Amino acid sequence: MAHYNTQFWLLWLIGAVMTLSVCLCSSWSEDTLLLAAAFALSLISIAIIHKFRNHTALCNILFWLGYNALLCYGLLFKSEGGAGLTWWFYLLCPNVLQFISDAIIAYI
């Protein structure tokens with residue numbers, strides 16, 4: 001059980017640093033604030049699930065890191081010519097959906 005705990009919090013910290021760096025590299029506007037709120041809600045909901053279901057939270061954080069790493073890369077480095085809004089939207093939607101699904105899992 002301690003093995004899952006250490007892995008989870010290390011991955012959670014990596015996710016927090018990644019989201020912080022993405023938010024700091026973007027220009028601060030309402031869009032970035034909304035994205036930061038979605039990131040924070042997703043990370044908090046995953047941490048709440050970890051309190052009750054360790055293995056589910058570990059799989060959840062791995063999945064979260066996977067799609068956020070790819071989409072954050074697209075937002076930071078492939079957003080020329082107006083494509084930034086598309087990458088921002090692609091980042092926002094899965095984070096909101098994961099927060100909703102995590103809230104349902106935590107409620108059950």
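Residues numbered from 1 in each chain as written. Predicted model: local features only at pLDDT ≥ 70, side-chain atom pairs only at ≥ 80, totals over all residues. Heavy atoms only, no water.

Participant: Go over the overall build of the protein with me, naming the residues and quoting the values.
Facilitator: Broken down by element type, the protein carries four helices and zero strands. Starting at the N terminus, the α and β elements of the protein follow one another as α-α-α-α. Computed over C-alpha atoms, the radius of gyration of the protein comes to 14 Å, within 12% of the 13 Å expected from 2.2 N^0.38 for 108 residues, which places it in the range of a compact globule. Viewed in the frame of its principal axes, the protein has a C-alpha envelope of about 45 × 25 × 20 Å. Expressed as a percentage of its 108 residues, the buried residues of the protein come to 36%. A fraction of 72% describes how many contacts in the protein between residues 6 or more apart in sequence connect residues 24 or more apart. About 6500 Å² of surface is accessible on the protein, with carbon and sulfur atoms providing 75% of the total. (Helix = DSSP H or I, 4+ residues; strand = E, 2+ residues; numbered from the N terminus. Rg over C-alpha atoms; globule rule 2.2 N^0.38 Å. Buried < 20%, exposed > 50% of the residue type's maximum accessible area, 1.4 Å probe, protein only. Contact = heavy atoms within 4.5 Å. Areas by Shrake-Rupley, 256 points an atom, 1.4 Å probe, with all protein chains shown as cover.)

Participant: So what's going on with the nonpolar core? Which residues, and what values?
Facilitator: L35, F39, I61, W64 and L91 are the most contacted members of the largest nonpolar core, which has 23 residues in total. Elements that contribute at least two residues to this core include exactly α1 (2-25), α2 (30-52), α3 (54-77) and α4 (84-107). Setting aside chain neighbours within four positions, we find F39 in contact with T19, V22, C23, W64, N68, C72, L91 and N95. (Core = buried A, V, L, I, M, F, W, Y, C linked by side-chain atoms within 4.5 Å.)

Participant: Tell me about a nonpolar patch on the surface, and please be specific about residues and values.
Facilitator: On the surface, V96, L97, I100, I104 and I108 cluster together into a nonpolar patch covering about 500 Å² of accessible area. For I100, the position within the fold is in helix α4. When its relative accessible area of 43% is taken as the criterion, I100 is described as partly exposed. (Patch = residues over 30% accessible without salt bridge, like charges linked within 9 Å, V, L, I, M, F, W, Y side chains within 5 Å. Salt bridge = Lys/Arg side-chain N within 4 Å of Asp/Glu carboxyl O.)

Participant: Provide a residue-level description of α4, including the pertinent values.
Facilitator: The first and last C-alpha atoms of α4 sit 35 Å apart over 24 residues, in line with the 34 Å expected at 1.5 Å per residue. Along α4, the residues that are buried comprise G84, W88, L91, L92, N95, Q98 and D102. In this structure, the buried residues of α4 make contact with α2 and α3. (Expected span 1.5 Å × (residues − 1).)

Participant: Requested: an account of the environment of T56, with residues and values cited.
Facilitator: Inspection of the secondary structure assignment puts T56 in helix α3. The spatial distance from the C-alpha of T56 to the C-alpha of I46 is 9.0 Å, given a sequence separation of ten residues.

Participant: Hey, could you go over the layout of surface pockets for me, with residue numbers and the actual values?
Facilitator: One number sums up the size of the largest pocket: a volume of about 180 Å³. Every residue lining the largest pocket is counted, 13 residues in all, and those nearest its centre are S26, S27, T32, L75 and W88. Listed by contribution, the elements that provide at least two residues to the lining of the largest pocket are α2, α3 and α4. (1 Å grid on protein atoms, 1.4 Å probe; cavity = no way out; pocket = protein on both sides within 12 Å on 5 of 7 lines; lining within 4 Å. Points joined across faces, edges and corners; volume = space filled by probe spheres on them.)

Participant: Describe the packing of aromatic side chains, naming the residues involved and giving the relevant values.
Facilitator: Counting across every chain of the model gives six aromatic pairs. For the pair F63 and Y67, a centre-to-centre distance of 5.2 Å together with 65° between the ring planes defines the contact as edge-to-face. Of this pair, F63 and Y67 are both found in helix α3, four residues apart, which corresponds to roughly one turn of the helix. When the centroid spacing of 5.2 Å and the interplanar angle of 45° are considered together, the rings of Y73 and F77 count as tilted. Of this pair, Y73 and F77 both sit in helix α3, separated by four residues, roughly a single helical turn. Classification of F77 as exposed rests on a relative accessible area of 53%. (Phe/Tyr/Trp six-rings, centres within 6.5 Å; stacked < 30°, edge-to-face > 60°.)

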